[in-house]
Amino acid sequence: APTLIPILGDQLSMNLSSLEGADPKRTVLLMMEVADETSYVRHHKAKIAYILSAMRHHAEALKQAGWTVDYVTLDDPDNAGSFTGEVARAVERHDPERIVVTQAGEWRVAAMLEAWETMFGIPVDIRPDTRFIASQAEFEDWAKDRQELRMEFFYRLMRRKTGLLMKGDKPEGGKPEGGKWNYDADNRKPAPKKDKPPEPLTFAPDKMTREVLKLVAARFDNHPGSLEGFAYAVTAEEAQKQAEAFMAHGLPKFGDYQDAMLTGQHQLWHSVLSPYINSGLLDPLELCRMAEAEYEDGNASLNSVEGYIRQIIGWREYVRGLYWHVGPDYVDRNFLRANRPLPGFYWTGETDMHCMAQALGQTLDTAHAHHIQRLMVTGNFAILIGADPAEVHRWYLEIYIDAYEWVELPNVVGMSQFADGGIIASKPYVSSGAYINRMSDYCGHCRYDVKQRVGEDACPFNALYWDFLARHEDRFGENPRMAMPYRNWNRMDAADRKAIRAQAAGFLKGLG
Ligand code: FAD
Ligand code: DLZ
Ligand code: SF4
């Protein structure tokens, strides 16, 4: 009897742990398009199209490599609609002697896998996902006995483990390249006037992708987002092209303009590789080695390359470790007791705030926005208005092409909404319009005046920011990292403070 190896939609890697040691002649790989996964939130149409097309292309690549693939499509009339239902049908079809599977990326699906052994009465070998650099045991070992779980320290451990940008033969005892671990201070340059960002690569949909686009348009008409101009890579080869283009044209300025925002641009000097890394088409460590080689060859500066590597072996690994560390009820955290519904314009992009219209519009068009748009525009606005973090979480999970719960949840609930009370972030990521104005060209195109705090034309972020601080003074007033803004707030005269708070109240009332 064969071994059955289910391959989930974010496990599109040839070197998956479940495939290790498997004999292609005695193995059936099972890939399943199922309604539960396409609909557990209202995913952006392009996200569904990307995942289904990448799955179909990966199935072809696996067959080319000599594997037997049993592929169940979404429109199969017998489709059971869930991973467990489809594995049950496959067990009937193939009568396997055992199931081998790589651990799922989230609590919800991990629980399904755990139930299979009892349910089907055959051994189920759930293997760790070795595409991550740190094992969960390593993360737990690092986290135990620590008061604070700061990314920076975990990152240093990963630098030592990988030897990336480490001097000396022995990475464990070695020194960081250039003498510092982190060059973030060099990475806050505002939106450039002269430098033109590289042209985004586009991948014209082939026949297989066109079929998927048709299926998604017909079946997920009520989901947010657009399929028009769908141009994502859907194979490992295409994703590799995008990676090479980024290394050549984006990486050299990645650090400098990491936080910059420009009207009409969602890529800038970013890589737009997260969808491919997260679904398995690209290997995170390999990308870091490519970036390191660009530094060694003198093509990219240390601040850019260190910054890029930190996002991957630092942030990405850290949020993944944290996701499993904090447990499934993290999703219910609401430290600030925020309960406002997310405004309707998050699903339409229709607002006079130009920064928001830009970030939301790009998101609805492409299912992507870069980090600072997610954190300091849409995320900032949501925390300032006191939006319900569970609802904010759902929005991010459904709207971004790279969103799987393990990576999205800590970024949203912890980093962006401070709903975990400060496990990830040491202070809330909030700002007035001044920050957005400094880092972008948005305010010049806006009907609001970023310099004003009160009145018809005042930038809403200003009053909302001060009102947020005032509302939460008992929580953040003593936080040393918030000392400066509180000093400024308390220095304003009482009448100004009152007018600002009235302005914020008026705006919030207008949101309904
Ligand atoms: P680049 O700017 O080119 O960064 C390089 C790579 O670093 C990315 O491809 C990604 O793999 C990794 N990375 C960077 N920052 C992070 C981070 N904070 N956490 C994990 N990995 C990171 N990223 C996701 O992959 N999925 C999400 O659902 C997601 N949700 C987010 C929600 C919020 C509120 C915020 C603030 C950030 C979120 N991020 C998420 C992180 C980050 O915004 C995206 O990884 C990034 O914008 C992807 O675009 P890029 O590939 O061009 O990134
Ligand atoms: C996100 C997603 C979607 C939209 N559709 C599928 C699908 O039809 N089949 C599948 O195997 N995976 C899909 N996924 C990704 C899964 O939700 C993902 O593999 C799990 O979240 C893993 O934990
Ligand atoms: Fe955004 Fe305010 Fe600038 Fe308008 S003025 S773009 S609302 S920060």
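Residues numbered from 1 in each chain as written. Chains lettered and ligands numbered in written order. Predicted model: local features only at pLDDT ≥ 70, side-chain atom pairs only at ≥ 80, totals over all residues.

1. Focus on the site of ligand 1
1) Next: Taken together, 28 residues are adjacent to ligand 1, and His270, Ser271, Gln311, Ala403 and Glu408 come closest.
2) Next: Elements that contribute at least two residues to the shell around ligand 1 include exactly helix H9 (274-279), helix H11 (302-326), helix H13 (371-385) and helix H15 (405-416).
3) Next: Along the lines of polarity and charge, the residues of the shell around ligand 1 split into 14 nonpolar, ten polar and four charged.
4) Next: In this structure, the shell around ligand 1 is formed jointly by two domains, domain 2 (136-204 + 230-323) and domain 3 (344-511), each of which donates at least three residues. (Near = placed C-beta within 6 Å. Helix = DSSP H or I, 4+ residues; strand = E, 2+ residues; numbered from the N terminus. Nonpolar A, V, L, I, M, F, W, Y, C, P; charged D, E, K, R; others polar. Domains from an automatic or database assignment.)

2. Re the packing of helix H14 (residues 389-399) against H15
1) Next: The contact between H14 and H15 brings their axes to 9 Å, and the two run at 140°. Considering their axes alone, H14 and H15 lie oblique with respect to each other. Remark: the crossing between H14 and H15 carries right-handed chirality. Here H14 contributes Pro389, Val392, His393, Tyr396 and Leu397 to the contact with H15, which in turn contributes Glu405, Glu408, Leu409, Val412 and Val413.
2) Next: Considered class by class, the residues forming the contact of H14 with H15 number seven nonpolar, one polar and two charged. (Axes fitted to C-alpha atoms, helices over the stretch in contact; angles between N-to-C directions. Parallel < 35°, antiparallel > 145°, perpendicular 65-115°, else oblique. Left-handed = near helix turned anticlockwise from the far one by under 90°. Contact = placed C-beta atoms within 7 Å.)

3. Looking at the sheet that holds strand E3 (residues 68-72)
1) Next: With respect to topology, five strands assemble into an open sheet ordered E3-E2-E1-E4-E5, the strand pairing being parallel. Single-partner strands in this sheet number two, and they are E3 and strand E5 (124-127). On average, adjacent strands in this sheet sit at an angle of 25° to one another, irrespective of strand direction.
2) Next: As judged from the two bridges shared by strand E1 (residues 3-6) and strand E4 (residues 98-102), these two strands associate in the parallel manner. When the bridges of E4 are listed, Leu4 appears paired with Ile99.
3) Next: Where helix H2 (residues 45-64) meets the sheet, its contacts fall on strand E2 (27-32) and E3, and the angle it forms with E3 comes to roughly 160°. (Pairing = 2+ DSSP bridges.)

4. Quick look at the confidence of the model for the protein chain
In low-pLDDT regions, the fine details of the predicted coordinates are not to be read closely.
1) Next: The pLDDT averaged across the protein chain works out to 96; a share of 99% of its residues lies at or above 70.
2) Next: Here the prediction assigns the complex a pTM of 0.97, and the interface score ipTM is 0.99. (pLDDT = per-residue confidence, 0-100.)

5. Quick word on the domain arrangement of the protein chain
1) Next: Domain boundaries assigned for the protein chain yield domain 1 (3-127), domain 2 (136-204 + 230-323) and domain 3 (344-511).
2) Next: The C-alpha centroid of domain 3 is placed 25 Å from the C-alpha centroid of domain 2.
3) Next: Taken residue by residue, the interface counts 20 residues in domain 2 and 24 residues in domain 3.
4) Next: Secondary structure elements with two or more residues in the side of domain 2 that touches domain 3: H9 and H11.
5) Next: Sort the elements by how many residues they give to the side of domain 2 that touches domain 3 and H11 lands first, with five residues.

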